[in-house]
Amino acid sequence: MNSPTPAEPGAARPVVAALVGCGGIARSQHLPNLTRAPNLRLAAVCDLNAEAARSAQADYGVPHMTTRFEDLLADPAIELIVVATKADFQVPLTCQALEAGKHVYVEKPLAETPAECRQVVAAQARHGKLVQVGFNRRFAPACREARRIAAGRGGPTNMYFRISDEYWNWGRGNPPGQRVIHEVCHVFDLLRWFAGSEAVSVYCASARADDEIYTLKFASGCVATVMSSGEVTCDLPKERMEIVTREPGALVLEEYTELRTYGCRGEPPLRRFAGHTHPDSEFTHKYLFEKLGAEALTAFRRLRWELREQQELGQLDPADAELKKFMEQSFPHVNYLVDKGWRAALEHLADCIRGKADFIGAGPRDALAASALARAAIESRTTGEVVRL
Ligand SMILES: NC(=O)c1ccc[n+]([C@@H]2O[C@H](COP(=O)([O-])OP(=O)(O)OC[C@H]3O[C@@H](n4cnc5c(N)ncnc54)[C@H](O)[C@@H]3O)[C@@H](O)[C@H]2O)c1
């Protein structure tokens with residue numbers, strides 16, 4: 001494959017990237033972000049499914065498409081490969097890319113087991129390239145601000161995180177009980193990042209599959225509870241975090257749109273964060289999140305839920321073309337309206353590749369730590385005991 005020859009050498013040159021895996025996360029985030037970030041240039045897309053690669057190429061004006069991953073490896077112009085397949089392929093593809101001298105951005109969970117994550121830790125050590133794992137929430141503006149404030153107050157001592165959704169239906173190919181590996185891994189990473197410390201123990205109490213709580217203790221003394229449920233409703237905001245800081249005070253983060261501070265001298269009691277735009281969608285939500293924060297988010301969720309209720313009850317006029325279009329519109333899903341740092345994470349990696357920033361993203365060792373926590377939580381669920389790490 002002949003990728004376009006890079007423009008003049010130097011730090012200002014965008015990083016030439018390729019994407020493998022043109023499915024859900026690619027279409028909702030990586031394709032729009034890779035084609036809009038000023039420091040990146042998407043040269044090629046790859047998918048085993050030719051139609052998926054072809055439509056990604058056509059929709060985003062990507063110069064090349066292929067169904068053969070080796071084509072990306074063989075192209076010397078490609079510097080970065082973004083891997084967004086599924087956990088079963090992400091480790092071999094990442095290792096091959098590293099061997100071929102490419103930097104890698106790979107989606108979470110890096111793998112389903114700590115042993116597989118270790119393969120990437122070792123491959124990175126051998127080849128010395130950058131590997132960033134898609135724990136993008138570290139780059140959400142609301143999280144960065146909350147972490148800055150918490151760190152300035154002696155760090156967190158007690159954290160609570162709710163991650164709840166309705167979409168987590170395991171008819172999509174994953175067996176029940178694995179939400180902790182595939183979804184809660186984001187939260188384990190975020191809690192480690194906020195605590196600035198490693199978890200030393202975890203306890204899991206399960207109500208039913210994929211509806212449970214985890215209690216963590218960190219080496220720093222900080223404790224955390226995660227409430228995870230794949231059985232909620234889209235009417236409820238998906239993610240909420242509460243933090244008690246060592247110096248008396250607290251922070252509450254509502255789904256990346258709003259950060260409230262309590263008793264934190266010098267900090268405004270409320271900050272709001274604009275949402276995340278997508279070129280295929282309108283952008284009203286971004287303006288509304290900036291102006292109204294969680295209130296706007298809640299209204300978006302309620303609107304979607306109410307319309308779906310009315311649709312199920314046969315109360316919507318099937319001849320209403322406008323409404324039909326709105327209901328069938330797959331993008332943006334409300335979970336993707338907020339800014340969870342997807343684009344900033346990619347832009348950061350490109351800056352690191354050009355030597356403009358020191359790497360502060362999540363690497364393979366962070367993926368390994370999250371994976372070990374998920375496995376320990378499953379062990380605790382089975383034995384009913386606290387598991388020490
Ligand atoms: N960071 C986030 O917010 C976030 C959100 C959703 C999904 N994800 C992660 O992204 C990854 C992909 O999830 P998805 O929902 O997009 O999956 P998906 O099934 O919708 O898409 C995966 C695509 O990869 C292709 N593929 C699979 N194996 C391949 C291979 N060996 N070579 C080339 N193409 C291959 C498939 O044909 C498919 O088109 C998962 O690891 C998931 O956990 C991350």
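Residues numbered from 1 in each chain as written. Predicted model: local features only at pLDDT ≥ 70, side-chain atom pairs only at ≥ 80, totals over all residues. Heavy atoms only, no water.

**Points about the pattern of salt bridges**
- The tally for this structure, following the rule as stated, stands at 29 salt bridges.
- For glutamate 145, the salt bridge is made with arginine 148, and the minimal N-O distance between the two is 2.9 Å. With glutamate 145 and arginine 148 both in helix 6 (residues 141-151) and three residues apart, the pair spans about one turn of that helix.
- Using a relative accessible area of 42% as the deciding quantity, one classes arginine 148 as partly exposed.
- The structure contains a network of salt bridges with shared partners spanning Arg137, Glu183, Lys238, Glu239 and Lys340. (Salt bridge = Lys/Arg side-chain N within 4 Å of Asp/Glu carboxyl O. Helix = DSSP H or I, 4+ residues; strand = E, 2+ residues; numbered from the N terminus. Buried < 20%, exposed > 50% of the residue type's maximum accessible area, 1.4 Å probe, protein only.)

**Re the site of the ligand**
- The environment of the ligand is made up of 21 residues, and the closest members are Ile25, Asp47, Thr85, Gln90 and Lys108.
- Contact between the ligand and glycine 24: an oxygen atom at 2.9 Å from a main-chain N or O atom of the residue.
- Within the complex, the protein chains bury 79% of what would otherwise be the 850 Å² of accessible surface of the ligand.
- Elements represented by at least two residues in the shell around the ligand include exactly helix 1 (24-36) and helix 4 (87-99).
- Partitioning the shell around the ligand into residue classes produces nine nonpolar, eight polar and four charged. (Near = heavy atom within 4 Å. Polar contact = N/O pair within 3.5 Å; in protein donor to acceptor, adjacent residues only side chain to side chain. Areas by Shrake-Rupley, 256 points an atom, 1.4 Å probe, with all protein chains shown as cover. Nonpolar A, V, L, I, M, F, W, Y, C, P; charged D, E, K, R; others polar.)

**Re the domain arrangement of the chain**
- According to the domain assignment, the chain contains domain 1 (15-136 + 342-363) and domain 2 (137-337 + 364-389).
- A straight line from the C-alpha centre of domain 1 to that of domain 2 covers 24 Å.
- At the interface, 36 residues of domain 1 touch 29 residues of domain 2.
- Regarding the contact of domain 1 and domain 2, the summed buried area is about 2700 Å², with carbon and sulfur atoms giving 63% of it.
- When the buried area of domain 1 at its contact with domain 2 is split by residue, Glu112, Phe135 and Asn136 rank highest and sum to 24% of it.
- Summed over the shared surface of domain 1 and domain 2, the result is zero salt bridges.
- Taken together, the elements giving at least two residues each to the side of domain 1 that touches domain 2 come down to helix 1, helix 5 (114-127), strand 6 (131-133) and helix 12 (342-353). (Domains from an automatic or database assignment. Contact = heavy atoms within 4.5 Å. Buried area = accessible area lost by both parts, 1.4 Å probe.)

**Thoughts on the environment of arginine 388**
- Looking at the element boundaries, arginine 388 is found in strand 15 (residues 387-388).
- Measuring from C-alpha to C-alpha, the distance between arginine 388 and aspartate 71 comes to 44 Å, with 317 residues separating the pair along the chain.

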